[in-house]
Amino acid sequence: MASGRFAPSPTGALHLGNLRTALLAWLFARSSGGTFLVRMEDLDRVQASAEHEASQLRDLEALGLDWDGGVVRQSERFERYEAAIGLLTGAGLTYPCYCSRREVREASAAPQGEQLVSYPGTCRGLSLRERARRDGEGRRPALRLLANIGKVTVVDDLLGPLTATVDDVVLRRADGVPAYNLAVVVDDAAQRVEQVVRGDDLATSAPRQRHLASLLGLPPVRYAHVPLVLAPGSGRLAKRDGAVTLADQASVGRGARAVCTLLAASLGLADGNELVAPGDLVAGFDPAGLPRGPWTPGAWAFDPDKHDKSPEFVAPKKINLEE
Ligand code: GLU
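Residues numbered from 1 in each chain as written. Predicted model: local features only at pLDDT ≥ 70, side-chain atom pairs only at ≥ 80, totals over all residues. Heavy atoms only, no water.

A. Structural view of helix 3 (residues 78–90). Given a rise of 1.5 Å per residue, 13 residues ought to cover 18 Å, and the 18 Å separating the end C-alpha atoms of helix 3 matches this to within 8%. In this structure, the buried side of helix 3 is in contact with strand 4 (94–97), strand 5 (142–145), strand 8 (170–172), helix 6 (180–190) and helix 7 (206–215). With its phi angle positive at about 75 degrees, glycine 92 sits one or two positions after the end of helix 3. (Helix = DSSP H or I, 4+ residues; strand = E, 2+ residues; numbered from the N terminus. Expected span 1.5 Å × (residues − 1). Contact = heavy atoms within 4.5 Å.)

B. Quick look at the pattern of salt bridges. Within the structure shown, the criterion is met by 19 salt bridges. The salt bridge involving arginine 39 is made with aspartate 188; its shortest N-O contact spans 2.9 Å. With arginine 39 in strand 2 (residues 36–40) and aspartate 188 in helix 6, this pair connects stretches of sequence that are 149 residues apart. An identical accessibility class is assigned to arginine 39 and aspartate 188; each is buried. (Salt bridge = Lys/Arg side-chain N within 4 Å of Asp/Glu carboxyl O. Buried < 20%, exposed > 50% of the residue type's maximum accessible area, 1.4 Å probe, protein only.)

C. Local environment of the sheet that holds strand 5. With antiparallel pairing, the three strands of this open sheet are ordered in space as 4-5-8. Of all the strands in the sheet, just strand 4 and strand 8 have a single pairing partner and so form its edges. When the angles between neighbouring strand axes are averaged without regard to direction, this sheet yields 45 degrees. Pairing of strand 5 with strand 8, which is carried by two bridges, proceeds in the antiparallel orientation. When the bridges of strand 8 are listed, leucine 143 appears paired with arginine 172. (Pairing = 2+ DSSP bridges. Axes fitted to C-alpha atoms, helices over the stretch in contact; angles between N-to-C directions.)

D. Molecular detail of the site of the ligand. Near the ligand you find Arg5, Ala7, Pro8, Ser9, Glu41, Tyr180, Val184, Arg198 and Leu202, and these make up its full shell. One of the backbone nitrogen or oxygen atoms of alanine 7 is found 2.8 Å away from a nitrogen atom of the ligand. Contacts to the ligand include serine 9, whose side-chain N or O atom sits 3.1 Å from a nitrogen atom. If the ligand stood free it would expose 300 Å²; the protein chains cover 76% of that surface. Of the residues that constitute the shell around the ligand, the class distribution is five nonpolar, one polar and three charged. (Near = heavy atom within 4 Å. Polar contact = N/O pair within 3.5 Å; in protein donor to acceptor, adjacent residues only side chain to side chain. Areas by Shrake-Rupley, 256 points an atom, 1.4 Å probe, with all protein chains shown as cover. Nonpolar A, V, L, I, M, F, W, Y, C, P; charged D, E, K, R; others polar.)

E. Spotlight on the packing of aromatic side chains. Scanning all chains against the criterion turns up two aromatic pairs. Geometrically, the ring pair formed by phenylalanine 28 and phenylalanine 285 is edge-to-face, given 5.2 Å between the ring centres and 75 degrees between the ring planes. Placement of the pair is phenylalanine 28 in helix 1 (residues 16–31) and phenylalanine 285 in the segment after helix 10 (278–281), with a sequence separation of 257 residues. Pairing phenylalanine 78 with tyrosine 81 gives two aromatic rings, centres 6.4 Å apart and planes at 55 degrees, and the pair type is tilted. (Phe/Tyr/Trp six-rings, centres within 6.5 Å; stacked < 30°, edge-to-face > 60°.)

F. Structural context of the packing of helix 1 against helix 9 (residues 256–266). Where helix 1 meets helix 9, the closest approach of the two axes is 10 Å, and the angle between their N-to-C directions is 75 degrees. Judged by the inter-axis angle, helix 1 sits roughly perpendicular to helix 9. For the pair formed by helix 1 and helix 9, the contact residues are Leu16, Leu19, Arg20 and Leu23 on the first element and Val259, Leu263, Ala264 and Ser266 on the second. Partitioned by chemical class, the residues of the contact of helix 1 with helix 9 number six nonpolar, one polar and one charged. (Parallel < 35°, antiparallel > 145°, perpendicular 65-115°, else oblique.)

G. Expanded view of the side chain of aspartate 167. Secondary-structure assignment places aspartate 167 in the loop between strand 7 (160–166) and strand 8. Owing to a relative accessible area of 7%, aspartate 167 belongs among the buried residues under this scheme.

H. Representation of the environment of histidine 52 in the model. Locating histidine 52 in the fold gives a position in helix 2 (residues 50–63). With 42 residues separating them along the chain, histidine 52 and proline 10 place their C-alpha atoms 5.1 Å apart. Apart from the residues lying within four places of it in its own chain, the contact partners of histidine 52 are Pro10, Thr11, Gly12, Ala13 and Gln47.

I. Focus on the pairing of strand 7. Pairing between strand 6 (residues 150–156) and strand 7: seven bridges, direction antiparallel. Among the inter-strand pairings, glycine 150 is bridged to a residue of strand 7, identified as valine 166. The hairpin turn running from strand 6 into strand 7, its antiparallel successor, is three residues long.

J. Focus on the sheet that holds strand 3 (residues 72–73). Judged by pairing direction, the sheet is parallel, and its three strands sit side by side in the order 1-2-3 without closing on themselves. Looking at which strands have only one partner, the edges of the open sheet turn out to be strand 1 (4–6) and strand 3. The pairing of strand 2 with strand 3 spans two bridges and is classified as parallel. Residue pairing for strand 3: arginine 39 is matched across the bridge by valine 72. In the packing of helix 2 onto the sheet, the strands contacted are strand 1, strand 2 and strand 3, and the crossing angle to strand 2 comes to about 160 degrees.

See below:
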(Lines give C-alpha, C1' and ligand atoms only; values in the text may rest on other atoms or scores of the structure.)
Protein backbone atom coordinates (compact mmCIF):
# COMPACT_ATOMS: atom_id res chain seq x y z
CA MET A 1 0.00 0.00 0.00
CA ALA A 2 1.37 3.42 -0.92
CA SER A 3 -0.40 6.67 -0.19
CA GLY A 4 -0.01 9.17 -2.98
CA ARG A 5 -0.93 12.65 -4.04
CA PHE A 6 -1.33 15.03 -6.95
CA ALA A 7 0.04 18.49 -6.24
CA PRO A 8 -0.74 20.93 -9.03
CA SER A 9 0.06 24.63 -9.00
CA PRO A 10 -3.26 26.43 -9.57
CA THR A 11 -1.82 28.84 -12.11
CA GLY A 12 -3.90 27.84 -15.14
CA ALA A 13 -6.09 25.09 -16.55
CA LEU A 14 -4.68 21.55 -16.34
CA HIS A 15 -3.48 20.33 -19.74
CA LEU A 16 -3.36 16.80 -21.10
CA GLY A 17 0.09 16.26 -19.58
CA ASN A 18 -1.07 17.29 -16.09
CA LEU A 19 -4.20 15.15 -16.46
CA ARG A 20 -2.15 12.14 -17.53
CA THR A 21 0.15 12.58 -14.52
CA ALA A 22 -2.89 12.91 -12.23
CA LEU A 23 -4.40 9.73 -13.69
CA LEU A 24 -1.14 7.87 -13.09
CA ALA A 25 -0.71 9.21 -9.55
CA TRP A 26 -4.27 8.11 -8.78
CA LEU A 27 -3.68 4.65 -10.32
CA PHE A 28 -0.44 4.09 -8.39
CA ALA A 29 -2.22 4.92 -5.11
CA ARG A 30 -5.56 3.22 -5.71
CA SER A 31 -4.11 0.04 -7.24
CA SER A 32 -2.08 -0.46 -4.06
CA GLY A 33 -5.09 0.29 -1.82
CA GLY A 34 -3.50 3.55 -0.67
CA THR A 35 -5.09 6.92 0.00
CA PHE A 36 -4.90 9.65 -2.65
CA LEU A 37 -4.64 13.32 -1.73
CA VAL A 38 -4.82 16.57 -3.67
CA ARG A 39 -2.64 19.47 -2.58
CA MET A 40 -2.68 22.91 -4.14
CA GLU A 41 0.84 24.30 -4.47
CA ASP A 42 -0.33 27.89 -4.45
CA LEU A 43 2.65 29.64 -2.88
CA ASP A 44 3.01 31.88 -5.91
CA ARG A 45 0.27 34.35 -5.06
CA VAL A 46 0.82 36.31 -8.24
CA GLN A 47 -0.11 33.48 -10.58
CA ALA A 48 -2.17 31.16 -8.37
CA SER A 49 -5.88 31.84 -8.02
CA ALA A 50 -9.03 30.37 -6.50
CA GLU A 51 -10.57 30.24 -9.99
CA HIS A 52 -7.76 28.08 -11.33
CA GLU A 53 -7.99 25.86 -8.25
CA ALA A 54 -11.74 25.39 -8.78
CA SER A 55 -11.31 24.62 -12.48
CA GLN A 56 -8.52 22.11 -11.79
CA LEU A 57 -10.61 20.29 -9.18
CA ARG A 58 -13.59 20.23 -11.54
CA ASP A 59 -11.41 18.73 -14.26
CA LEU A 60 -10.02 16.02 -11.97
CA GLU A 61 -13.57 15.09 -10.99
CA ALA A 62 -14.77 15.14 -14.57
CA LEU A 63 -11.95 12.78 -15.52
CA GLY A 64 -13.26 10.39 -12.84
CA LEU A 65 -10.59 10.88 -10.19
CA ASP A 66 -11.51 11.10 -6.50
CA TRP A 67 -9.42 12.00 -3.47
CA ASP A 68 -9.49 11.49 0.27
CA GLY A 69 -10.19 14.32 2.67
CA GLY A 70 -10.13 18.01 1.90
CA VAL A 71 -7.81 19.81 -0.46
CA VAL A 72 -4.74 21.17 1.32
CA ARG A 73 -3.40 24.59 0.28
CA GLN A 74 0.23 25.52 0.80
CA SER A 75 -0.71 29.19 1.19
CA GLU A 76 -2.38 28.24 4.49
CA ARG A 77 0.63 26.39 5.92
CA PHE A 78 3.35 28.99 6.27
CA GLU A 79 3.86 28.29 9.96
CA ARG A 80 4.82 24.67 9.21
CA TYR A 81 7.42 25.77 6.69
CA GLU A 82 8.76 28.39 9.10
CA ALA A 83 9.03 25.75 11.84
CA ALA A 84 11.15 23.60 9.51
CA ILE A 85 13.30 26.60 8.60
CA GLY A 86 13.70 27.26 12.33
CA LEU A 87 14.95 23.71 12.89
CA LEU A 88 17.53 23.99 10.10
CA THR A 89 18.63 27.44 11.23
CA GLY A 90 18.94 26.21 14.83
CA ALA A 91 21.27 23.49 13.55
CA GLY A 92 23.44 26.08 11.78
CA LEU A 93 22.35 24.81 8.35
CA THR A 94 21.10 28.02 6.73
CA TYR A 95 22.55 31.30 5.55
CA PRO A 96 21.26 34.47 3.87
CA CYS A 97 21.92 34.85 0.16
CA TYR A 98 21.85 38.20 -1.57
CA CYS A 99 22.39 36.99 -5.15
CA SER A 100 19.85 37.85 -7.81
CA ARG A 101 18.62 35.10 -10.15
CA ARG A 102 20.84 36.49 -12.85
CA GLU A 103 23.92 36.47 -10.64
CA VAL A 104 23.25 32.82 -9.78
CA ARG A 105 22.86 31.91 -13.45
CA GLU A 106 26.01 33.70 -14.45
CA ALA A 107 28.13 32.38 -11.60
CA SER A 108 27.16 28.75 -11.99
CA ALA A 109 28.59 26.50 -14.64
CA ALA A 110 25.86 23.88 -14.69
CA PRO A 111 27.39 20.49 -15.56
CA GLN A 112 26.19 19.09 -18.85
CA GLY A 113 23.08 17.00 -18.64
CA GLU A 114 22.03 18.62 -15.39
CA GLN A 115 18.75 20.47 -15.84
CA LEU A 116 18.93 22.54 -12.71
CA VAL A 117 21.24 25.46 -12.24
CA SER A 118 23.39 24.66 -9.23
CA TYR A 119 24.07 27.49 -6.82
CA PRO A 120 27.85 27.95 -6.62
CA GLY A 121 27.80 29.08 -2.98
CA THR A 122 28.64 32.75 -3.57
CA CYS A 123 27.13 33.98 -0.27
CA ARG A 124 28.10 30.95 1.82
CA GLY A 125 31.23 32.49 3.20
CA LEU A 126 30.07 36.09 3.71
CA SER A 127 31.30 37.60 6.95
CA LEU A 128 28.88 39.27 9.36
CA ARG A 129 30.24 42.61 8.24
CA GLU A 130 29.61 41.82 4.55
CA ARG A 131 26.09 40.72 5.36
CA ALA A 132 25.49 43.91 7.35
CA ARG A 133 26.72 45.99 4.41
CA ARG A 134 24.26 44.32 2.04
CA ASP A 135 21.45 44.65 4.58
CA GLY A 136 22.38 48.31 4.88
CA GLU A 137 22.00 48.69 1.11
CA GLY A 138 18.43 47.52 1.52
CA ARG A 139 19.02 44.16 -0.22
CA ARG A 140 16.60 41.56 1.05
CA PRO A 141 18.20 38.14 1.27
CA ALA A 142 16.79 34.75 0.45
CA LEU A 143 17.60 31.97 2.92
CA ARG A 144 19.59 28.99 1.67
CA LEU A 145 20.36 25.53 2.99
CA LEU A 146 23.97 24.75 3.79
CA ALA A 147 23.79 21.42 1.97
CA ASN A 148 27.40 20.33 2.30
CA ILE A 149 26.91 16.97 0.63
CA GLY A 150 27.68 16.92 -3.12
CA LYS A 151 25.82 14.28 -5.05
CA VAL A 152 22.91 12.22 -3.73
CA THR A 153 21.31 9.19 -5.40
CA VAL A 154 17.65 8.27 -5.12
CA VAL A 155 16.30 5.06 -6.65
CA ASP A 156 13.16 5.94 -8.60
CA ASP A 157 10.48 3.25 -8.92
CA LEU A 158 10.31 3.79 -12.70
CA LEU A 159 13.60 5.42 -13.70
CA GLY A 160 16.00 3.56 -11.41
CA PRO A 161 18.93 5.43 -9.82
CA LEU A 162 18.75 9.23 -10.11
CA THR A 163 21.89 11.06 -9.12
CA ALA A 164 22.07 14.84 -8.84
CA THR A 165 24.13 17.47 -7.12
CA VAL A 166 22.44 18.75 -4.00
CA ASP A 167 23.34 22.40 -3.90
CA ASP A 168 22.43 25.06 -1.36
CA VAL A 169 18.75 25.25 -2.29
CA VAL A 170 16.61 28.25 -1.41
CA LEU A 171 14.40 27.61 1.61
CA ARG A 172 12.75 31.02 1.81
CA ARG A 173 12.67 33.42 -1.10
CA ALA A 174 13.72 37.05 -0.78
CA ASP A 175 10.06 38.07 -0.75
CA GLY A 176 9.51 35.94 2.38
CA VAL A 177 7.65 33.12 0.63
CA PRO A 178 8.77 29.57 1.52
CA ALA A 179 10.40 27.83 -1.45
CA TYR A 180 8.96 24.89 -3.37
CA ASN A 181 11.60 22.32 -2.33
CA LEU A 182 11.06 23.00 1.36
CA ALA A 183 7.26 23.12 1.20
CA VAL A 184 6.97 19.90 -0.79
CA VAL A 185 9.16 17.98 1.67
CA VAL A 186 7.35 19.32 4.74
CA ASP A 187 3.92 18.62 3.25
CA ASP A 188 4.62 15.15 1.89
CA ALA A 189 5.78 14.12 5.37
CA ALA A 190 2.93 15.91 7.19
CA GLN A 191 0.38 14.28 4.89
CA ARG A 192 2.05 10.86 5.24
CA VAL A 193 2.61 10.54 1.53
CA GLU A 194 4.59 7.38 0.82
CA GLN A 195 5.05 7.57 -2.94
CA VAL A 196 5.42 10.77 -4.97
CA VAL A 197 4.23 10.31 -8.56
CA ARG A 198 4.87 13.36 -10.76
CA GLY A 199 6.23 14.48 -14.12
CA ASP A 200 9.80 13.50 -14.91
CA ASP A 201 10.76 17.16 -15.40
CA LEU A 202 11.07 17.14 -11.59
CA ALA A 203 13.25 14.02 -11.41
CA THR A 204 16.43 16.01 -10.72
CA SER A 205 14.73 17.61 -7.70
CA ALA A 206 14.30 14.26 -5.94
CA PRO A 207 17.86 13.98 -4.55
CA ARG A 208 17.73 17.46 -2.99
CA GLN A 209 14.29 16.77 -1.54
CA ARG A 210 15.47 13.45 -0.10
CA HIS A 211 18.43 15.23 1.51
CA LEU A 212 16.24 17.98 2.97
CA ALA A 213 13.86 15.37 4.41
CA SER A 214 16.73 13.54 6.04
CA LEU A 215 18.11 16.75 7.61
CA LEU A 216 14.63 17.43 9.01
CA GLY A 217 14.39 13.89 10.38
CA LEU A 218 11.44 13.09 8.09
CA PRO A 219 10.82 9.65 6.59
CA PRO A 220 12.00 9.24 2.97
CA VAL A 221 9.28 9.03 0.31
CA ARG A 222 9.49 6.78 -2.74
CA TYR A 223 9.46 8.43 -6.15
CA ALA A 224 7.96 7.45 -9.50
CA HIS A 225 8.64 10.09 -12.14
CA VAL A 226 6.38 9.60 -15.14
CA PRO A 227 6.99 10.66 -18.75
CA LEU A 228 5.59 13.92 -20.05
CA VAL A 229 3.21 14.68 -22.88
CA LEU A 230 4.95 16.74 -25.56
CA ALA A 231 3.42 18.79 -28.35
CA PRO A 232 3.95 17.61 -31.93
CA GLY A 233 7.07 19.16 -33.35
CA SER A 234 7.93 21.19 -30.27
CA GLY A 235 8.61 20.79 -26.59
CA ARG A 236 6.25 21.32 -23.70
CA LEU A 237 2.52 21.47 -24.24
CA ALA A 238 1.27 25.02 -24.47
CA LYS A 239 -1.99 26.76 -25.21
CA ARG A 240 -0.86 27.47 -28.77
CA ASP A 241 -0.76 23.73 -29.50
CA GLY A 242 -4.54 23.65 -29.80
CA ALA A 243 -6.98 21.59 -27.75
CA VAL A 244 -4.77 20.98 -24.71
CA THR A 245 -7.27 21.30 -21.83
CA LEU A 246 -10.39 19.33 -20.98
CA ALA A 247 -12.57 22.30 -21.99
CA ASP A 248 -10.72 22.59 -25.33
CA GLN A 249 -11.14 18.89 -25.92
CA ALA A 250 -14.88 19.15 -25.18
CA SER A 251 -15.15 21.93 -27.72
CA VAL A 252 -13.69 19.65 -30.40
CA GLY A 253 -16.18 16.94 -29.51
CA ARG A 254 -14.16 14.79 -27.12
CA GLY A 255 -15.76 14.48 -23.68
CA ALA A 256 -13.96 13.73 -20.40
CA ARG A 257 -14.49 9.99 -20.76
CA ALA A 258 -12.99 10.04 -24.23
CA VAL A 259 -10.02 12.04 -22.95
CA CYS A 260 -9.54 9.52 -20.15
CA THR A 261 -9.59 6.75 -22.77
CA LEU A 262 -7.12 8.60 -24.95
CA LEU A 263 -4.73 9.03 -22.01
CA ALA A 264 -5.17 5.41 -20.93
CA ALA A 265 -4.46 4.23 -24.48
CA SER A 266 -1.33 6.39 -24.62
CA LEU A 267 -0.12 4.53 -21.52
CA GLY A 268 -0.90 1.10 -22.95
CA LEU A 269 -3.70 0.67 -20.37
CA ALA A 270 -6.57 0.56 -22.88
CA ASP A 271 -6.86 -0.18 -26.58
CA GLY A 272 -8.67 3.05 -27.40
CA ASN A 273 -11.63 1.28 -29.01
CA GLU A 274 -13.89 1.28 -25.97
CA LEU A 275 -14.44 4.15 -23.56
CA VAL A 276 -12.91 3.59 -20.12
CA ALA A 277 -13.01 5.36 -16.72
CA PRO A 278 -10.12 5.39 -14.22
CA GLY A 279 -11.87 2.78 -12.06
CA ASP A 280 -11.78 0.32 -14.98
CA LEU A 281 -7.98 0.50 -15.04
CA VAL A 282 -7.19 -0.20 -11.37
CA ALA A 283 -7.25 -3.99 -11.42
CA GLY A 284 -4.93 -4.37 -14.41
CA PHE A 285 -2.55 -1.54 -13.53
CA ASP A 286 1.09 -2.64 -13.67
CA PRO A 287 3.72 0.11 -13.47
CA ALA A 288 6.31 -2.19 -15.06
CA GLY A 289 4.43 -2.02 -18.36
CA LEU A 290 4.28 1.78 -18.58
CA PRO A 291 6.04 3.50 -21.48
CA ARG A 292 9.30 5.12 -20.40
CA GLY A 293 9.53 7.88 -22.98
CA PRO A 294 7.42 11.01 -23.53
CA TRP A 295 4.16 10.77 -25.48
CA THR A 296 3.70 13.04 -28.45
CA PRO A 297 0.15 12.70 -29.73
CA GLY A 298 -0.38 13.34 -33.42
CA ALA A 299 -1.94 16.60 -34.54
CA TRP A 300 -5.31 14.77 -34.61
CA ALA A 301 -5.40 14.95 -30.81
CA PHE A 302 -5.46 18.72 -30.83
CA ASP A 303 -6.82 19.88 -34.15
CA PRO A 304 -10.61 19.89 -34.69
CA ASP A 305 -10.19 19.70 -38.46
CA LYS A 306 -8.13 16.58 -38.25
CA HIS A 307 -10.50 14.31 -36.41
CA ASP A 308 -13.91 12.78 -36.65
CA LYS A 309 -16.28 14.83 -34.46
CA SER A 310 -18.54 12.00 -33.38
CA PRO A 311 -18.74 11.85 -29.55
CA GLU A 312 -17.57 8.26 -29.56
CA PHE A 313 -14.37 9.13 -31.32
CA VAL A 314 -11.38 8.48 -29.10
CA ALA A 315 -8.27 7.86 -31.11
CA PRO A 316 -7.07 6.11 -34.21
CA LYS A 317 -7.56 2.36 -33.81
CA LYS A 318 -3.98 1.83 -32.93
CA ILE A 319 -2.22 4.64 -31.14
CA ASN A 320 1.31 5.02 -32.34
CA LEU A 321 3.31 6.00 -29.27
CA GLU A 322 6.23 7.07 -31.43
CA GLU A 323 4.10 9.36 -33.57
N1 GLU B 1 3.46 21.77 -8.07
C2 GLU B 1 4.33 21.09 -8.97
C3 GLU B 1 3.81 21.24 -10.38
O4 GLU B 1 2.66 21.59 -10.58
C5 GLU B 1 4.44 19.61 -8.66
C6 GLU B 1 5.31 19.39 -7.49
C7 GLU B 1 5.41 17.94 -7.06
O8 GLU B 1 4.60 17.10 -7.48
O9 GLU B 1 6.32 17.66 -6.27
O10 GLU B 1 4.56 21.04 -11.31
